[in-house]
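Residue-level listing of the chains:
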Amino acid sequence: MKILSIETSCDETGIAVLGADSNISTEITILGNALASQIDLHAKYGGVFPALAKRAHAEKLVPLLSEALNQTNLLKLKTTLLSQSEKDQMKESLEFLAPKENMLQIQFVDFFQKYEKPEIDYIAVTVGPGLEPALWVGVNAARALSIIWNIPIIPINHMEGHIVTAAIEALEKKCEFLDLAAEPQTQRFEDLKIRIQPERAFKFTDLKFPAISLLISGGHTELVLVTSFGQYQKIGQTRDDAVGEAFDKVARMIGLPYPGGPGISRLARNYREKILEKKIENIFSLPRPMIHSGDYDFSFSGIKTAALYAMRDHGEMSEVDKEMLSAEFEDAVTEVLLKKTLKAIEEYQAQSVIVGGGVASNTFIREEFTQTLQEKFGESVTLYFPEPWLATDNAIMIGLAAISQIKTGQIKTSTPKNLVADGNLSL
Ligand code: KG4
Ligand code: ZN
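Residues numbered from 1 in each chain as written. Chains lettered and ligands numbered in written order. Predicted model: local features only at pLDDT ≥ 70, side-chain atom pairs only at ≥ 80, totals over all residues. Heavy atoms only, no water.

S.K.: It is not clear to me how the nonpolar core should be interpreted in this structure. Could you clarify?
M.R.: Most often, soluble globular proteins keep nonpolar side chains buried together rather than apart. Counting residues in hydrophobic clusters, the biggest one holds 51 residues, and the most contacted among them are Phe 329 and Leu 337. Of all elements in the fold, only β9 (211-216), β10 (221-228), α8 (243-253), α9 (261-278), α10 (301-314), α11 (319-348), β12 (352-356) and α12 (363-377) reach the threshold of two or more residues within this core. In terms of residue count, α11 provides more of this core than any other element does, 12 residues in total. Non-local contacts of Leu 337, meaning those with residues more than four positions away in its chain, are made with Leu 214, Ile 216, Thr 221, Val 243, Phe 298, Phe 300, Ile 365 and Phe 369. Formed by 40 residues, the second largest nonpolar core is a distinct cluster that contains Leu 64, Leu 74, Leu 75 and Leu 94. (Core = buried A, V, L, I, M, F, W, Y, C linked by side-chain atoms within 4.5 Å. Buried < 20%, exposed > 50% of the residue type's maximum accessible area, 1.4 Å probe, protein only. Helix = DSSP H or I, 4+ residues; strand = E, 2+ residues; numbered from the N terminus. Contact = heavy atoms within 4.5 Å.)

Now the structure itself:
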């Protein structure tokens, strides 16, 4: 079984091809993966600019699709040209793209004239949550592929993608293969800024339920009770900014580029190394919002404002000042995330904790969670994080969510006509 997956919910355009069978415990292989990041495009705005994001997705989608399918060796050139009537019929079927997805329409007409239908069983696509104009590009591409190639669509919730991606383990034999493989091949696509990961294989880990999932990204901060794959109940969420958004905003205040998470993390680490060596005392103190609220909701806009006031009161910020503020910010955020997660583990008697989303690649959060859960629960609770290169948005996670639905018999397919993007889609 082969799954083509599409991700366009925010600022990464991703296309992947995964191979799997329907048995939950068996291997899943990444056959193709092409990802184009829009980070440079949005950097000057300090965040994602929706209209620009949509246009960049529309420009890159078909080139990425060709790249990912080519990596699988599934894309074969047509040996005979389409007759005029076949061409007309194909163009008519793609006419629905005309009003809003002109760029996709032009590129797809060319693409479908050139290539045979590949051996793909399902098309998995992110339908939400995310930026609606951006989501529609992926949704419309999935509709076009489904109509022309007659392949069923599996609509995927982006957040389910983040959850299942933390619940996989790499298979060793393919990791050896990875070591031999070259670095991700970026050179060929310098202009498109496509990052490609070499072939790798995974399997779903033998995760024990109930699990608590903490989803922390640029758009979301949620605690979710997972009773089995596919069974999700949101128990808390942010009332204002997402954690990643707070990282990005504080980073911007101290002059770091977008996305700000990795920069804050680097400065905070510098400071922590300095306290070990020279014991420099942190002069900043930020609030831990809603830490004692007794529920599972979060609020991060207050920390960001407090950081702004702290900087204003302090005046000129030296490099060490920036490092101290970054460390205090990371401490404050981590404490709140940890406190609420611990409460949820106890209340729901969780046996596993799954952390997902772009902020899950933060080293300090990983270390604090690992250490505290080990101290409090020992072997009785297992903690799962995604591999760092799979924590931020990509199409592999969308393919994995589809495979988990197939493997657990919960697959819900959609016809091209019924498929819609929903920016506010909930788990
Ligand atoms: O999941 P993701 O790629 O996109 C969304 O769905 O939002 O998450 C992106 C977010 C950004 O806010 C970025 O600053 C944050 O993840 N991020 C980090 C780190 N790496 C990325 N935050 C903290 N520490 C990091 N190392
Ligand atoms: Zn995401």
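Further notes follow.
S.K.: I would appreciate a short explanation of the coordination of the zinc ion (ligand 2) in the present structure.
M.R.: Reference geometry at the metal: tetrahedral coordination by four donors gives ideal angles of 109.5 degrees; octahedral coordination by six donors gives 90 or 180 degrees. The protein atoms that coordinate the zinc ion (ligand 2) are His 158 (NE2), His 162 (NE2) and Asp 393 (OD), at distances spanning 2.1 to 2.2 Å. The sequence motif formed by the donor residues of the zinc ion (ligand 2) is H-x3-H-x230-D. Placement of His 158 in helix α6 (residues 158-166) and of Asp 393 in the loop between α13 (388-391) and α14 (396-407) is noted, with a sequence separation of 235 residues between them. For the pair shown, His 158 and Asp 393 are each scored as buried. (Donors = N, O, S within 2.8 Å, 3.2 Å for Na, K, Ca; no water.)

S.K.: How do you make sense of the packing of helix α3 (residues 84-93) against helix α4 (residues 102-114) when you look at a structure like this?
M.R.: Packed helices, taken two at a time, are described by the angle between their axes plus the distance between the axes. Their axes nearest at 10 Å, the elements α3 and α4 cross at an angle of 140°. One element, α3, and the other, α4, form an angle in the oblique class. Pair α3 / α4 crosses with right-handed handedness. Contacts between α3 and α4 involve Lys 87, Met 90 and Lys 91 from the former and Val 109, Phe 112 and Gln 113 from the latter. Partitioned by chemical class, the residues of the contact of α3 with α4 number 3 nonpolar, 1 polar and 2 charged. (Axes fitted to C-alpha atoms, helices over the stretch in contact; angles between N-to-C directions. Parallel < 35°, antiparallel > 145°, perpendicular 65-115°, else oblique. Left-handed = near helix turned anticlockwise from the far one by under 90°. Nonpolar A, V, L, I, M, F, W, Y, C, P; charged D, E, K, R; others polar.)

S.K.: Looking at this structure, how should I read the site of ligand 1?
M.R.: In the vicinity of ligand 1 there are 19 residues, among which Gly 218, Asp 248, Gly 358, Asn 362 and Asp 393 approach most closely. In this structure, His 162 approaches ligand 1 through a side-chain N or O atom, which is 3.3 Å from an oxygen atom. Within the contact set of ligand 1, an oxygen atom lies 3.1 Å away from a backbone nitrogen or oxygen of Gly 261. Contact with the protein chains removes 91% of the 550 Å² of surface that ligand 1 exposes when unbound. At the level of elements, α6, α8 and α9 are the ones that each hand at least two residues to the shell around ligand 1. With 3 residues, the single largest contributor to the shell around ligand 1 is α8. Residue classes in the shell around ligand 1 are distributed as 4 nonpolar, 13 polar and 2 charged. (Near = heavy atom within 4 Å. Polar contact = N/O pair within 3.5 Å; in protein donor to acceptor, adjacent residues only side chain to side chain. Areas by Shrake-Rupley, 256 points an atom, 1.4 Å probe, with all protein chains shown as cover.)

S.K.: Please clarify how the sheet that holds strand β11 (residues 231-237) should be interpreted in this entry.
M.R.: Sheet strands associate in pairs through backbone hydrogen bonding, adopting either a parallel or an antiparallel arrangement. The mixed open sheet is built from 5 strands, whose spatial order is β11-β10-β9-β12-β13. The open sheet has two free edges, formed respectively by β11 and β13 (382-384), since each of these has just one partner strand. Pairs of neighbouring strands in the sheet enclose a mean axial angle of 20°, with direction left out of account. (Pairing = 2+ DSSP bridges.)

S.K.: What should I look at first to understand α14 in this one?
M.R.: An α-helical turn contains 3.6 residues, so a residue and the one three or four places further along point in the same direction. With 12 residues, α14 ought to run about 16 Å at 1.5 Å a step, and its terminal C-alpha atoms sit 16 Å apart, in line with that. With respect to burial, α14 is a largely interior element, 12 of its 12 residues being buried. All of the buried residues along α14 are Ile 396, Met 397, Ile 398, Gly 399, Leu 400, Ala 401, Ala 402, Ile 403, Ser 404, Gln 405, Ile 406 and Lys 407. Just downstream of α14, Gly 409 is the residue with a positive phi angle, here 70°. (Expected span 1.5 Å × (residues − 1).)

S.K.: Quick question: what am I supposed to make of the environment of Thr 205 here?
M.R.: Inspection of the secondary structure puts Thr 205 in the loop between β8 (201-204) and β9. Residue Thr 205 is classed as buried on the basis of its relative accessible area, which comes to 12%. Distance in space between the C-alpha atoms of Thr 205 and Thr 26 is 10.0 Å, their sequence separation being 179 residues. When residues no more than four places from it in sequence are discounted, the contact partners of Thr 205 are Ala 167, Ile 168, Glu 169 and Tyr 384.

S.K.: What exactly am I supposed to notice about the pattern of salt bridges here?
M.R.: Where side chains of opposite charge bring their charged atoms close, a pairing between them can arise. Under the criterion given, the structure shown has 16 salt bridges. Taking the shortest distance from any N to any O, the salt bridge between Lys 274 and Glu 323 comes out at 2.6 Å. Within this pair, whereas Lys 274 is found in helix α9, its partner Glu 323 is found in helix α11, the two being separated by 49 residues in sequence. We classify Glu 323 as buried; its relative accessible area is 4%. Where salt bridges share partners, they join Arg 239, Asp 295, Asp 297 and Lys 340 into one cluster. (Salt bridge = Lys/Arg side-chain N within 4 Å of Asp/Glu carboxyl O.)

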